[in-house]
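Fold and contact review
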There are 2 protein chains.
Amino acid sequence: MVYLNETHDPSLQSWVASANVAENGFPIQNLPFSVFRIAGSSQAFRPGVAIGDQALDLAALARIQPFTGIAQEALDACQATQLNALMALGQAHWSALRLELSRALRTDSSLQSTLEPMLHNQSDLEFALPAHIGDYTDFYISLHHATAIGKQFRPDNPLLPNYKWVPIGYHGRASSIGVSGQAFARPVGQTRPGAEDGTPGFGPCERLDFELELGIFVGQGNDLGERIPITEAESHVFGLCILNDWSARDLQAWEYQPLGPFLAKNFASTISPWIVTLEALAPFRTAFQRNADDPQPMPYLTSDDNKAAGAFDIGLDVLLSTQQSRADNAEPALLCRSNFKEAYWSIAQLLTHHTVNGCNLQPGDLLGTGTLSGPDQGQEGSLLELNQGGKEPVKLPWGEERLFLQDNDEVVLRAKCSKPGYPTISLGECAGTVLPAKF
Amino acid sequence: MVYLNETHDPSLQSWVASANVAENGFPIQNLPFSVFRIAGSSQAFRPGVAIGDQALDLAALARIQPFTGIAQEALDACQATQLNALMALGQAHWSALRLELSRALRTDSSLQSTLEPMLHNQSDLEFALPAHIGDYTDFYISLHHATAIGKQFRPDNPLLPNYKWVPIGYHGRASSIGVSGQAFARPVGQTRPGAEDGTPGFGPCERLDFELELGIFVGQGNDLGERIPITEAESHVFGLCILNDWSARDLQAWEYQPLGPFLAKNFASTISPWIVTLEALAPFRTAFQRNADDPQPMPYLTSDDNKAAGAFDIGLDVLLSTQQSRADNAEPALLCRSNFKEAYWSIAQLLTHHTVNGCNLQPGDLLGTGTLSGPDQGQEGSLLELNQGGKEPVKLPWGEERLFLQDNDEVVLRAKCSKPGYPTISLGECAGTVLPAKF
């Protein structure tokens, strides 16, 4: 699964000028997928690929049949309102389509004049969920996050004994996943009883948090009863997006035993509109960095490829703006700068573990990584870590402070891959805003 | 929501003779919905309603437009391969359709000759999932089950402090839900390390169990950010089915902390094909029986209707057959006889709690009740309770015994409502078979 081909040539330039601007994030080496329409219109959503500050309409392109073979088959699957049909085709198709799109968008392509009318300014567009998400699973793959959260509940024993053996995951709610720009009312619910009368509290959440995650979109699935071996797992992944797994900590603390988080999470989850394929991320593969005393993963979770290049170097930022900061025209505050390469489990290990019991994955299923905190200060991917369990408010540059999110706070997650000699590959951004509780 | 109308008249008889046979379970007062096709055919599945040992093809009926108004609108929604469109229409539509179907199937209906060609022997049919299940949530509403299981983990403190306040629930896996007759391979996975070297076990599950549950199909949903008040909650319920939430106890014990069950549950869940509407169950409403020292539910979970008639008297049986018992032509063993009326939380409370934070439900979503154990011996809805935590094998009448399920064991769950002077209302049965592990 570790491959580089002509689409990764860092010297490639596009006839779409904005794609060649350093740090644009959507150069011709990226080519992420979304579904879009003209903002405010009643058009059907259709698949698109990003190139610079433009998006190419893949449904329109499909109609003129510019490609042949499996590349054209993949393009034909883009005549739909979501990407599930494309996802179901598998890696050979995605790769063939990427190659043809790369060639068609390169400087001096003979298709330039044909494609130009199919481009839209991204700033004129609105986006929808890129796929129908049949099932959403959230994992817990940052050892640093698990340890920091565990310390708050069990100071003497922060990490549970299963953590380094089992890629811990649980099922989340698919229906309440929205796309970047999502605004949602502060959730309401029960909270732990106070000392007085033993009656639980009830009202708007007072400990609302973000969680910095990546989302993994499943491409081809597996039949019920079959499993996906570790050596094949990455070929079942269509690509990655950014995910904010909003969390109501006070609801969670009261409800989560013995069956896990429920209303603390299922009021909203937000993903970025663009899905960056694993093929686009290949130049940023890196080895896993485990400690010498960590156990070897069990055989079903082990492969040489996975050890050598199963991690991805993806930089992650969390930014916060508030009603006051926006009124003051202050820049958003950078709350956290982390990296996906710090994760304890790989993407391949998540898919293989998820299916080892025969559970069937389907095209468009979403797997969340869990909060991607790093080991150091400033790398905490949630307020619950930044505020040390609700004890130390985070000071914001414009004079406010935050223990947890206030109404009208906007959280923006960003993700990108950077290294010398290669264009920046961006996953775009995932923005969401907390509205006041309705009740 | 407590209503009885002419469709509940116990003296009604059908021109379908088998519907009038005592104990048939599908009398004209029932009229449950499924989707079916001729077994082994490549026909599209279509909605049907049960009447005696027959099923009426509602897609065929819709084409001749026999009804008017909202009854016909509801029937038109049955020209589909699943029931989601009918579910989305809401209670007034379901009730109007039920009334017209009741009239059309009654003795001396003028529609008899029209409908006769649209009837099929149920024994000639195969069934599919009646709806596309967008999200599946499993609750935990039997105090008796929660206490029995809790005792095994925490002998001194079996019931967690949130139990009598919060209808505990968690998200399950929608993709692996199958319909009665489902056969699945024994799941494989990690188990708790032995005392020796601290390395987890890995292999086929050795503690495979059933869980006796009912499933609640959501009809009309709610928008994200809105909630369903307790007084309106039942009008969002299309009906009930039987659910077997198969559970791998050894996988569960090792993986479930801190985020809940995952691979221990998501390899398979099985539901009965027929959905019995709440309207059909209305004659079996009953008051909640709480202990005097149980706390009053919080105000958002309280309504007079719910207290007076929010429970349903539905008898539940678990039967087991094995390879040996079938070879011996022995009757299946009755492992458990329980009743839904013993549940601690009502259907209305589950929907209202699920949406109190703004979580959106959608037509076709499935809510499981959790294992419906009763207070007494013989009412335990899982082997883990019957065998007292894996200590006392269950003796079977033909000489075998079971701690947990063996390969080729078949578990059949049955549910029906009975009372003097009213025809038996059956929910049918939910059968599933354990196949040997594949790996």
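Quick notes on the rules
- Residues numbered from 1 in each chain as written.
- Chains lettered and ligands numbered in written order.
- Predicted model: local features only at pLDDT ≥ 70, side-chain atom pairs only at ≥ 80, totals over all residues.
- Heavy atoms only, no water.
- UniProt positions renumbered as here; feature names shortened; annotations may be inferred.
- Helix = DSSP H or I, 4+ residues; strand = E, 2+ residues; numbered from the N terminus.
- Rg over C-alpha atoms; globule rule 2.2 N^0.38 Å.
- Buried < 20%, exposed > 50% of the residue type's maximum accessible area, 1.4 Å probe, protein only.
- Contact = heavy atoms within 4.5 Å.
- Areas by Shrake-Rupley, 256 points an atom, 1.4 Å probe, with all protein chains shown as cover.
- Lys, Arg positive; Asp, Glu negative; His and termini not counted.
- Charge placed at Lys NZ, Arg CZ, Asp CG, Glu CD.
- Axes fitted to C-alpha atoms, helices over the stretch in contact; angles between N-to-C directions.
- Parallel < 35°, antiparallel > 145°, perpendicular 65-115°, else oblique.
- Nonpolar A, V, L, I, M, F, W, Y, C, P; charged D, E, K, R; others polar.
- Pairing = 2+ DSSP bridges.
- Least-squares fit on C-alpha atoms with pLDDT ≥ 70 in both.
- Salt bridge = Lys/Arg side-chain N within 4 Å of Asp/Glu carboxyl O.

If you check an unreviewed UniProt entry, chain A appears there as fumarylacetoacetase from Pollutimonas subterranea. Entered under Pathway (unreviewed entry) in the UniProt record, the comment concerning chain A runs "Amino-acid degradation; L-phenylalanine degradation; acetoacetate and fumarate from L-phenylalanine: step 6/6."

1. Considerations on the overall build of chain A
When its secondary structure is counted, chain A shows 12 helices and 26 strands. Computed over the C-alpha atoms, the radius of gyration of chain A is 22 Å, within 12% of the 22 Å expected from 2.2 N^0.38 for a compact globule of 439 residues. Over its C-alpha atoms, taken along the principal directions, chain A stretches across nearly 75 × 55 × 40 Å. The buried share of chain A, taken over its 439 residues, is 63%. For chain A, the share of sequence-separated contacts (at least 6 apart) that also reach a separation of at least 24 residues comes to 74%. Per element, the accessible surface of chain A, about 15400 Å² overall, is 49% carbon and sulfur. Between the centroid of the 29 positive side chains of chain A and the centroid of its 49 negative side chains there is a distance of 2 Å.

2. Some remarks on the packing of helix 2 (residues 69–76) of chain A against helix 4 (residues 91–105) of chain A
Pairs of packed helices are described in terms of their axes, by the angle between the two and the distance that separates them. Residue and element names in this part refer to chain A. Where helix 2 meets helix 4, the axes come as close as 8 Å, and the angle between the chain directions of the two elements is 95°. Here helix 2 is positioned roughly perpendicular relative to helix 4, judged by the angle of their axes. Contacts between helix 2 and helix 4 involve Ile70, Ala71, Glu73, Ala74 and Leu75 from the first element and Ala92, His93, Ala96, Leu97 and Glu100 from the second. Its residues assigned to classes, the contact of helix 2 with helix 4 comprises 7 nonpolar, 1 polar and 2 charged.

3. A closer look at the UniProt feature "binding site: Ca(2+)" (unreviewed entry) in chain A
Residues and elements named next belong to chain A. The feature "binding site: Ca(2+)" (unreviewed entry), as annotated in UniProt, sits at Asp138, Glu211, Glu213 and Asp245 in this numbering. A compact arrangement is adopted by the annotated residues: their sequence extent is 108 residues, whereas the largest C-alpha distance between any two is 11.4 Å. Its location among the elements puts Asp138 in strand 6 (residues 136–139). In this structure Asp138 comes out as buried when scored by relative accessible area, which is 2%. Beyond its immediate chain neighbours, meaning those up to four positions away, Asp138 contacts Ile168, Gly169, Tyr170, Glu213, Leu243, Asp245, Gly368, Thr369 and Gly370. With respect to the helices, strands and loops of the structure, Glu211 is situated in the loop between strand 12 (208–209) and strand 13 (212–218).

4. Details of the sheet that holds strand 3 (residues 54–57) of chain A
Within a beta sheet, neighbouring strands are joined by backbone hydrogen bonds and run either parallel or antiparallel to one another. All names here are of chain A. The 5 strands lie next to each other as 4-3-2-1-5, forming an open sheet whose pairing is antiparallel. Lying at the two open borders of the sheet, with one neighbouring strand each, are strand 4 (119–121) and strand 5 (125–127). With direction set aside, neighbouring strand axes in the sheet form an average angle of 50°. Examined bridge by bridge, strand 1 (residues 33–38) and strand 5 share 3 bridges and lie antiparallel to one another. Of the residues in strand 5, the one forming a bridge with Arg37 is Glu126.

5. Examining the relation of the copies chain B and chain A
Superposition record for chain B on chain A: RMSD 0.0 Å, screw rotation 180°, translation along axis 0.0 Å. Accordingly, the operation relating the two chain copies is best matched by a two-fold axis. Rotation axis and chain B: the residue whose C-alpha lies nearest the axis is B:Gly260, separated from it by 2.2 Å. When you check the interface residues of chain B against chain A, 100% turn up at the interface there too, and the contact is symmetric in its surfaces.

6. Some thoughts on the pattern of salt bridges
Tallied over the entire structure, the rule returns 44 salt bridges over all chains. Notably, a salt bridge pairs A:Arg37 with A:Glu126, separated by 2.6 Å at the nearest N-O pair. Of this pair, A:Arg37 sits in strand 1 while A:Glu126 sits in strand 5; the two residues are 89 residues apart in sequence, bridging distant segments of the chain. A relative accessible area of 23% means that A:Glu126 is categorised as partly exposed. Between B:Asp294 and B:Lys164 there is a salt bridge, with the nearest N and O atoms lying 2.6 Å from each other. Placement of the pair is B:Asp294 in the loop between strand 18 (285–286) and helix 9 (304–309) and B:Lys164 in the loop between helix 6 (143–153) and strand 7 (169–172), with a sequence separation of 130 residues. According to the relative accessible area criterion, B:Asp294 is buried, its value standing at 8%. The partly exposed category is assigned to B:Lys164, whose relative accessible area is 23%. When salt bridges with common partners are traced through the structure, they connect A:Asp209, A:Glu211, A:Asp245, A:Arg249 and A:Lys265 into a single cluster.

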